[in-house]
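Secondary and tertiary structure notes
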Amino acid sequence: MKKMIWAGMNQPSASDDKWATDNGYMLWWSELVPAVLQNPDHKERSRMLLALADMEKSGIVTTTRRVVNMEVVMRKTENL
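Residues numbered from 1 in each chain as written. Predicted model: local features only at pLDDT ≥ 70, side-chain atom pairs only at ≥ 80, totals over all residues. Heavy atoms only, no water.

Structurally, Asn 39 can be placed in the loop between helix H2 (32-37) and helix H3 (42-56). Given a relative accessible area of 18%, Asn 39 falls into the buried group. Engagement of the side chain of Asn 39 in a polar contact is seen with the backbone nitrogen of Asp 41, the distance being 2.9 Å. Setting aside its immediate chain neighbours within four residues, Asn 39 contacts Glu 44, Arg 45 and Met 48. (Helix = DSSP H or I, 4+ residues; strand = E, 2+ residues; numbered from the N terminus. Buried < 20%, exposed > 50% of the residue type's maximum accessible area, 1.4 Å probe, protein only. Polar contact = N/O pair within 3.5 Å; in protein donor to acceptor, adjacent residues only side chain to side chain. Contact = heavy atoms within 4.5 Å.)

For the structure shown, the criterion picks out 4 salt bridges. With a closest N to O distance of 2.7 Å, Lys 3 and Glu 56 form a salt bridge. Highlighted residues: Lys 3 in strand S1 (residues 2-7) and Glu 56 in helix H3, separated in sequence by 53 residues. Among the residues examined, Glu 56 registers a relative accessible area of 24% and is labelled partly exposed. (Salt bridge = Lys/Arg side-chain N within 4 Å of Asp/Glu carboxyl O.)

Here the focus is the sheet that holds S1. An order of S2-S1-S3-S4 is seen for the 4 strands of this open sheet, with the pairing classed as mixed. Unpaired on one side and paired on the other, strand S2 (25-28) and strand S4 (67-68) mark the two borders of the sheet. Lying over the sheet, helix H1 (residues 14-22) contacts S1, S2, strand S3 (59-62) and S4, oriented at roughly 145° with respect to S2. (Pairing = 2+ DSSP bridges. Axes fitted to C-alpha atoms, helices over the stretch in contact; angles between N-to-C directions.)

This is the structure in structure tokens:
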């Protein structure tokens, strides 16, 4: 299973966990995530979430269940 940060203000629900398991993901959530999400600057918020995902060696799943695959993000930023 691939570890994924749940990018939501609250912990993932049981249905979110089931969705993740069905798709081969293990959701991870921390009290750091709401602090990051409260940052009004969307670019800084993205940078902080990406840094957190990099530290945790994981991807990101938004509350709309949009998956951000970190390997793709890292390849794109290395090519800039």
